[in-house]
Amino acid sequence: MNEVRTRFAPSPTGYLHVGGLRTALFTYCIAKKAGGKFILRIEDTDQERYVEGANEVIYRTLRAVGLNWDEGPDVGGDYGPYIQTERRGIYKEYAEKLVQLGGAYYCFCDKERLQELKAVQEASGVNPMYDRHCRNLSPEEIKAKLDAGMPYVIRQKIPLEGTTTFHDVLYGDITVDNATLDDQILLKTDGLPTYNFANVVDDHLMGITHVVRGNEYLASAPKYTLLYKAFGWEEPMYIHVEHIMRDKQHKLSKRDGDASYEDLINKGYLSEAIVNYIALLGWSPKGEREIFSLPELIEEFDISGLSKSPAIFDPLKLRAINGEYIRAMSPDEFARIAEPYIRETCKGDFDIKKIAALLQPRTEVLTDIPAQVDFLDEMPEYDLSLYENKKMKTNRETSLEVLEKVLPALENITDWNFDALHDVLFNLIAEMGVKNGYLLWPVRVAITGKQFTPGGAVEAADIIGKAETLSRMKRSIELLRQGANA
Ligand code: GLU
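Residues numbered from 1 in each chain as written. Predicted model: local features only at pLDDT ≥ 70, side-chain atom pairs only at ≥ 80, totals over all residues. Heavy atoms only, no water.

Colleague: Where do I start with the site of the ligand in this structure?
Modeller: Around the ligand, the structure places Arg7, Ala9, Pro10, Ser11, Glu43, Tyr195, Arg213 and Tyr217. Alone, the ligand offers 300 Å² of accessible surface; in the complex the protein occludes 82% of this. For the shell around the ligand, a count of residues per class yields four nonpolar, one polar and three charged. (Near = heavy atom within 4 Å. Areas by Shrake-Rupley, 256 points an atom, 1.4 Å probe, with all protein chains shown as cover. Nonpolar A, V, L, I, M, F, W, Y, C, P; charged D, E, K, R; others polar.)

What follows is the structure in structure tokens.
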């Protein structure tokens with residue numbers, strides 16, 4: 001069997017949509033699973049859409065997620081160039097060849113004529129299609145126009161009758177009447193090919209065996225089949241995948257702010273988790289397992305697990321998967337990536353590793369972190385109603401009483417550390433014959449001003465330190481006394 005060669009062929013828009021990244025991932029997995037080659041090709045023939053620096057966004061993103069290409073623009077390969085605008089001459093050559101083979105023709109119609117035609121067709125409710133005005137020009141007429149330097153395009157010569165069938169792995173055989181197909185433009189007046197032509201020429205010349213792409217190309221696929229036939233080339237295997245949806249009705253779009261890889265990174269997701277999650281959008285592994293590293297994905301991946309139903313992007317699921325990746329990290333690694341997020345709200349001289357250790361089991365997304373540690377630098381303003389906790393059976397009075405007992409016990413600690421704090425507080429709990437929460441809840445509120453903190457009273461006191469803990473305790477006792485008198 002031939003070597004499996006797949007390609008990811010993005011257009012440089014400056015933005016890598018998660019749908020594109022998913023296509024790249026599936027494409028990569030198909031090649032790697034078969035021990036084949038993954039190729040990157042930049043499809044930049046639409047010059048109007050050109051965005052400065054957009055190729056770099058593609059390179060950077062693919063490298064960040066580990067989808068390294070075997071052949072491509074900056075690494076080279078035997079089938080280059082891999083940037084379509086650098087292949088201009090190749091398309092012209094093949095377009096002319098196709099004219100000779102009877103699969104295409106020169107068209108000299110100008111914009112005005114075409115616009116008029118379209119307007120008339122639209123007004124009479126017909127699907128706009130080229131009326132094949134230039135399809136039967138004689139060789140002499142063509143030569144004269146070319147010699148006169150008339151601008152031209154090259155169009156595909158679709159058979160006027162019959163049907164065309166192409167095969168897609170997910171959709172099966174699709175047959176269309178040739179009469180419904182437009183004599184589409186293959187080579188534009190600027191000498192550059194349309195996507196419709198370039199994808200066929202390049203996939204063939206680059207020896208591509210499997211094409212994964214969005215199903216917006218399904219409707220054009222029969223025309224590509226006809227091009228392959230006209231050239232006498234063998235078609236690759238097609239896999240058209242469904243869009244990623246925000247909900248049942250709407251595609252996940254740039255406007256939603258979480259449609260690109262970079263959006264998700266900025267929202268605090270980890271690269272590995274993003275890749276893992278998007279693999280599950282439209283592909284199902286055989287068993288129940290859902291967490292896969294990239295090498296595991298390659299191992300597990302099978303085309304038969306792909307689905308043609310639209311996948312809905314579920315941010316909660318992505319969060320959950322991200323949380324799993326965070327929990328699986330080594331404490332040091334987590335501390336390293338958490339530090340900038342901790343530092344957003346916590347500037348003081350704290351033991352970052354200790355804070356990170358508390359955060360690691362409680363963080364799903366890195367951007368959750370700043371709000372979790374915002375009480376460390378300074379005691380926040382808080383409402384005394386926080387002391388009222390039904391489950392802990394506490395209220396302002398019980399809290400004041402507890403804090404007045406805890407304060408002197410804490411003042412007596414000489415070696416301030418987690419174990420010492422733990423012993424002192426739990427001894428007091430035993431002495432008073434109360435439930436843990438009855439004492440620990442008010443202490444936590446008194447020194448953090450918050451209902452939810454990473455870790456409880458002991459952890460908070462340990463990190464904040466003796467002087468600050470005592471000063472917060474005193475201040476809170478003061479507030480409770482005032483509250484009681486009010
Ligand atoms: N350049 C096309 C796009 O970005 C690629 C489609 C394909 O993979 O053939 O949509």
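Right, picking up where we left off after that structure.
Colleague: Quick question: what am I supposed to make of the packing of aromatic side chains here?
Modeller: To describe a pair of aromatic rings, you give the distance between the ring centres and the angle between the ring planes. Here the structure, examined in full by the defined rule, presents 18 aromatic pairs. Between tyrosine 195 and tyrosine 224, the aromatic rings sit 6.2 Å apart at their centres with planes inclined by 80 degrees, giving edge-to-face as the arrangement. Here tyrosine 224 lies in helix 7 (residues 221–231) and tyrosine 195 lies in helix 6 (residues 195–205), a separation of 29 residues in the sequence. Taken as a pair, tyrosine 195 and tyrosine 224 share a single burial class, namely buried. With a centroid separation of 6.4 Å and 70 degrees between ring planes, the pair formed by tyrosine 228 and tryptophan 233 is classed as edge-to-face. Of the two residues, tyrosine 228 and tryptophan 233, both sit in the buried class. A network of ring pairs unites the aromatic residues Tyr94, Phe197, Tyr228, Phe231 and Trp233 as a single cluster. (Phe/Tyr/Trp six-rings, centres within 6.5 Å; stacked < 30°, edge-to-face > 60°. Helix = DSSP H or I, 4+ residues; strand = E, 2+ residues; numbered from the N terminus. Buried < 20%, exposed > 50% of the residue type's maximum accessible area, 1.4 Å probe, protein only.)

Colleague: Could you clarify how one ought to interpret the nonpolar core in this entry?
Modeller: Side chains that are nonpolar tend, in soluble globular proteins, to be buried together. Residues Leu62, Leu67, Phe334 and Ile342 are the most contacted members of the largest nonpolar core, which totals 111 residues. When residues in this core are grouped by element, the largest group, nine residues, is from helix 1 (residues 18–33). When residues no more than four places from it in sequence are discounted, the contact partners of isoleucine 342 are Ile352, Ile355, Ala356, Leu359, Ile369 and Val373. Among the nonpolar cores identified, the runner-up in size contains 38 residues, and Tyr94, Tyr105, Tyr106 and Tyr224 belong to it. (Core = buried A, V, L, I, M, F, W, Y, C linked by side-chain atoms within 4.5 Å. Contact = heavy atoms within 4.5 Å.)

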